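What follows is the residue order along each chain.
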Amino acid sequence: MPKCVRCGRELPSSAADARPLCRDCRADLDLTAPAIDASTSPPPVRISQPFLLTQVIVGINVLVFLGMVLSGVSPMSPTRLQLVTWGANYAPFSLGAQPWRMLASNYVHIGIIHIFFNMWCLWNLGRLAERIFDRWTYLLVYTASGIAGSLASLWRHPQGIGAGASGAIFGLAGGLIAVLYLGKLPIAKDALKPTLRSLVMFAAYNLFFGLVPGIDNAAHLGGLAAGLGLGAVLAASVTESAEIRTRRRNYVLVATTLLLLAGYSYVRQKSGPVASPATIALSSRPKRSAANGVEGPAFAASG
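Everything numeric in this text was worked out from a predicted model, so none of it was measured. (Residues numbered from 1 in each chain as written. Predicted model: local features only at pLDDT ≥ 70, side-chain atom pairs only at ≥ 80, totals over all residues. Heavy atoms only, no water.)

J.: Would you mind going over a nonpolar patch on the surface with me for this structure?
T.: A contiguous nonpolar patch, built from Val62, Leu63, Leu66 and Leu70 and spanning about 420 Å² of accessible area, is present on the exposed surface. Position of Leu66 relative to the elements: it lies in helix H2 (residues 52-70). Assessed through its relative accessible area of 44%, Leu66 is described here as partly exposed. (Patch = residues over 30% accessible without salt bridge, like charges linked within 9 Å, V, L, I, M, F, W, Y side chains within 5 Å. Areas by Shrake-Rupley, 256 points an atom, 1.4 Å probe, with all protein chains shown as cover. Salt bridge = Lys/Arg side-chain N within 4 Å of Asp/Glu carboxyl O. Helix = DSSP H or I, 4+ residues; strand = E, 2+ residues; numbered from the N terminus. Buried < 20%, exposed > 50% of the residue type's maximum accessible area, 1.4 Å probe, protein only.)

This is the structure:
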């Protein structure tokens, strides 16, 4: 019995040659989108299935922020000490005994404006990502890009305090760009051009916007580079059977883990000895140039 090349579901023998994808996968990969102003948001696309993983990630971010506020953290301008207490990326800890902060910091935000615009961007990009990737691939691209962004921030700002999902969001955009450009999707190239163009403009605009004082592009660039690399490697398997996709993803997971460990070792060695946490004042307000981006209202279209 012929099977769908994407999900492995059995197909009617009469439709196998003409339609190598099942009905649900064909609906999921129908990405034709209207032209939009890409400088303000990722492309809105029609959704035929729930995007559960995006909802979960957004929910975790919101719950962490609510927990911060309920514990007494300012919803508008938390202090450096409060951010570090809740898991922000901070070199004396992240490059020491608490490397988990490079992941945890992706779920900590510096005020309500920061989390609002990050989650708005994630919601839009996630809707598209869940139609291209299976959920484990989505999670791999998002998480690895977030950690890569944290590493880039530690390298660029070893004394900074970083928090926010921007590196992971840029990575998701990079992964989508690579797959849409390199992947052999069963969709006409002309139909993909508006979506691909919007994603490229989305990333380019926000990297340019990140040049203004107060926004650090290190995590953005680190996350974007990681997403582009992962997307390029995974592009060929997007339309393969579930078994092939899983095998390729597992290989990529192992390779990515090794690369991130090597990157961590390099950043730790390059940074040299960092100041003791006890000697650094954490009670002041975080600088607007904190790693992972501390974005203001104009960040509406940024990651």
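Next comes the rest of the description.
J.: Sorry, what's going on with the packing of helix H7 (residues 135-156) against helix H11 (residues 242-271) here?
T.: Packed helices, taken two at a time, are described by their axes: the angle between them and the distance between them. Between H7 and H11, the least distance of the axes is 10 Å, while the angle of their chain directions is 10°. Taken together, the axis directions place H7 and H11 in an arrangement best described as roughly parallel. Residues Trp136, Thr137, Leu140, Ala144, Ile147, Ala148, Leu151, Leu154 and Trp155 of H7 lie in contact with H11, whose contacting residues are Arg249, Val252, Leu253, Thr256, Leu260, Gly263, Tyr264, Tyr266, Val267, Lys270 and Ser271. Classifying every residue of the contact of H7 with H11 by side-chain character gives 14 nonpolar, 4 polar and 2 charged. (Axes fitted to C-alpha atoms, helices over the stretch in contact; angles between N-to-C directions. Parallel < 35°, antiparallel > 145°, perpendicular 65-115°, else oblique. Contact = heavy atoms within 4.5 Å. Nonpolar A, V, L, I, M, F, W, Y, C, P; charged D, E, K, R; others polar.)

J.: Just to check I follow, could you spell out the side chain of Asn118 for this structure?
T.: Within the secondary structure, Asn118 is located in helix H6 (residues 112-132). Assessed through its relative accessible area of 0%, Asn118 is described here as buried. A polar side-chain atom of Asn118 sits 3.1 Å from a polar atom in the side chain of His109. (Polar contact = N/O pair within 3.5 Å; in protein donor to acceptor, adjacent residues only side chain to side chain.)

J.: What's the story with the packing of helix H8 (residues 166-182) against helix H10 (residues 218-234) in this structure? I'm lost.
T.: Between H8 and H10, the least distance of the axes is 6 Å, while the angle of their chain directions is 30°. Remark: the crossing between H8 and H10 carries right-handed chirality. Contacts between H8 and H10 involve Ser166, Gly167, Phe170, Gly171, Gly174, Gly175, Ile177, Ala178, Val179 and Leu182 from the first element and Ala219, His220, Gly223, Leu224, Gly227, Leu228, Gly231 and Ala232 from the second. Grouping the constituent residues of the contact of H8 with H10 by class yields 9 nonpolar, 9 polar and no charged. (Left-handed = near helix turned anticlockwise from the far one by under 90°.)

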